[in-house]
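Structural overview
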Amino acid sequence: MFVIAAVISGYIPTASQAGHMNILIETWRGCEEACQGLTDYLEALDHDVNINVRDAGQDTGVLPLLFEEAREQDPDLIVSWGTSVTKAIAGDMSQLDDPAYNHEIPQVFMIVADPVGSGLVQSLDATGRENLTGTYNRMPESVTIQTIRHYLPTFETLGLIYNENEQNSVLKYREMAELAEEENFRLVAAALPLAPDGLPMVEDIPLKVRELVREGADFLYVGSSSFLQANSATLGAAARNAGLPVISPYEEAARQGDALLSVAANYYEVGRLAGQQVEKILFGGASPGALPVARMTDFSVTVNLSMAKDIGLFPPVSLLQIAEVVE
């Protein structure tokens, strides 16, 4: 249940003026690690905050209703998780005059793979949105390629599965296609077919893995896809069976044994970074639009030895010296 709070449009309270603050967190797939990091950070503050979570349940049909419900609740601040949820609430740079989107309530986004490429903000340093800022958790993808080459010096071809129903996933495919020319590797990409309801099907994942193996992929990269992340066990099993190493931007994929390797920011820490943005706005008197998008600077490499044993591809000692190893 949401708690309704009165807000004066365009007014941002300072620490001395702020009383009970209502924060609405809009998520895509439940209150996962980033959401938990955010809530832990906010609950530890010496301020009276009430946190409510509204989850879309990965249902695109719910997205148009998110801002309508947020307006009814009238929170002091909205935190949005992911590109789809954030765009459903804030719109993009071409919709700044569209009243169907949020241009008044302070908003902080997190777990948005490409805030600029998706049109949410003008730049990471200056969002161009008076009420909007957020966090950026992705490392340069050139680091992904460097890590693969460190692990497998003979690497030539990268496989990528993407979901055309997720903007993040499509943007990542396009980014990797451009990077292939810059970093001199071959990209073979496979889009998941969409069912009549417009959604991909889990049973197509193993088919696409085998397709990429036939295309000569040396490594499979899991781009930005909540669908693939939610079905990482299916993807991991298919990769094991095919002997195809998987590198993921999601740390939990390596920890749970569904990927061989991950190079990623810790989602819990991303949530805490978003909490710092919220604190600056609600209790520090900062205008969201005056805050640059906060960037993660710490990334970790995780190697899953169980997957390495299963596919017969062990990491070099030089990588083990810098990576965290899990069984």
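Structural notes, computed from the coordinates. (Residues numbered from 1 in each chain as written. Predicted model: local features only at pLDDT ≥ 70, side-chain atom pairs only at ≥ 80, totals over all residues. Heavy atoms only, no water.)

With that settled, consider unusual backbone geometry. One non-glycine residue with positive phi stands out, namely Gln58, at about 55 degrees. Checked against the element boundaries, Gln58 lands in the loop between strand S2 (49-55) and helix H2 (63-73). On the basis of relative accessibility, which here comes to 31%, the residue Gln58 falls in the partly exposed class. For Asn184, which is not a glycine, the phi torsion comes out positive at approximately 60 degrees. As for its position among the elements, Asn184 is in the loop between helix H5 (167-183) and strand S7 (186-191). We classify Asn184 as exposed; its relative accessible area is 67%. (Helix = DSSP H or I, 4+ residues; strand = E, 2+ residues; numbered from the N terminus. Buried < 20%, exposed > 50% of the residue type's maximum accessible area, 1.4 Å probe, protein only.)

A separate point is the sheet that holds strand S12 (residues 300-304). Pairing is mixed across the open sheet formed by 7 strands, whose spatial order is S7-S6-S8-S9-S10-S12-S13. Because the sheet does not close on itself, it has two edges, and the strands there are S7 and strand S13 (324-326). Each strand of the sheet is rotated relative to its neighbour by a mean of 25 degrees, with strand direction disregarded. As paired strands, strand S6 (residues 157-162) and S7 are joined by 6 bridges and run parallel to one another. Across the sheet, residue Gly159 finds its bridge partner in S7, namely Val188. (Pairing = 2+ DSSP bridges. Axes fitted to C-alpha atoms, helices over the stretch in contact; angles between N-to-C directions.)

Turning to the pairing of strand S10 (residues 261-264), a few remarks are in order. Both faces of S10 are covered, namely the face carrying Leu261 and Val263 and the face carrying Ser262 and Ala264. Relative to S10, strand S9 (residues 246-248) is paired through 2 bridges, and the arrangement is parallel. Paired with Ile247 across the bridge in S10 is Leu261. Examined bridge by bridge, S10 and S12 share 4 bridges and lie antiparallel to one another. Note on S12: the bridge partner recorded for Val263 is Val301.

So, about the sheet that holds strand S5 (residues 132-136). If you trace the 6 strands from one edge of the open sheet to the other, you get S2-S1-S3-S4-S5-S11, paired in parallel fashion. The open sheet has two edge strands with one neighbour each: S2 and strand S11 (294-295). The pairing of S5 with S11 spans 2 bridges and is classified as parallel. Bridge pairing in S11 links Tyr136 to Arg295.

With that out of the way, let us pick up the nonpolar core. Among the nonpolar cores identified, the biggest contains 62 residues, and Ile23, Met110 and Val278 are the most heavily contacted of them. Examining the composition of this core, we find that 7 residues originate from one element, helix H10 (residues 267-282), more than from any other. When near neighbours in sequence (up to four residues on either side) are disregarded, Ile23 contacts Leu42, Val49, Asn50, Ile51, Asn52, Leu77, Val79, Val278 and Leu282. (Core = buried A, V, L, I, M, F, W, Y, C linked by side-chain atoms within 4.5 Å. Contact = heavy atoms within 4.5 Å.)

Further remarks concern H5. The terminal C-alpha atoms of H5, which comprises 17 residues, lie 24 Å apart, in line with the 24 Å expected from a rise of 1.5 Å per residue. What H5 keeps buried is the set Asn168, Ser169, Val170, Leu171, Lys172, Met176, Leu179 and Ala180. Buried residues along H5 sit against helix H3 (83-90), helix H4 (141-151), S6, S7 and strand S8 (219-222). Directly after H5, the chain includes Asn184, whose backbone phi takes a positive value near 60 degrees. (Expected span 1.5 Å × (residues − 1).)

This paragraph deals with the state of the cysteines. Taken as a whole, this structure holds 1 disulfide when the rule is applied. One disulfide in the model links Cys31 with Cys35; its S-S distance is 1.9 Å. Because the torsion about its S-S bond is -90 degrees, the bridge between Cys31 and Cys35 counts as left-handed. Look at Cys31 and you get partly exposed, because its relative accessible area is 38%. Judged by relative accessible area, which is 0%, Cys35 ranks as buried. (Disulfide = S-S within 2.5 Å.)

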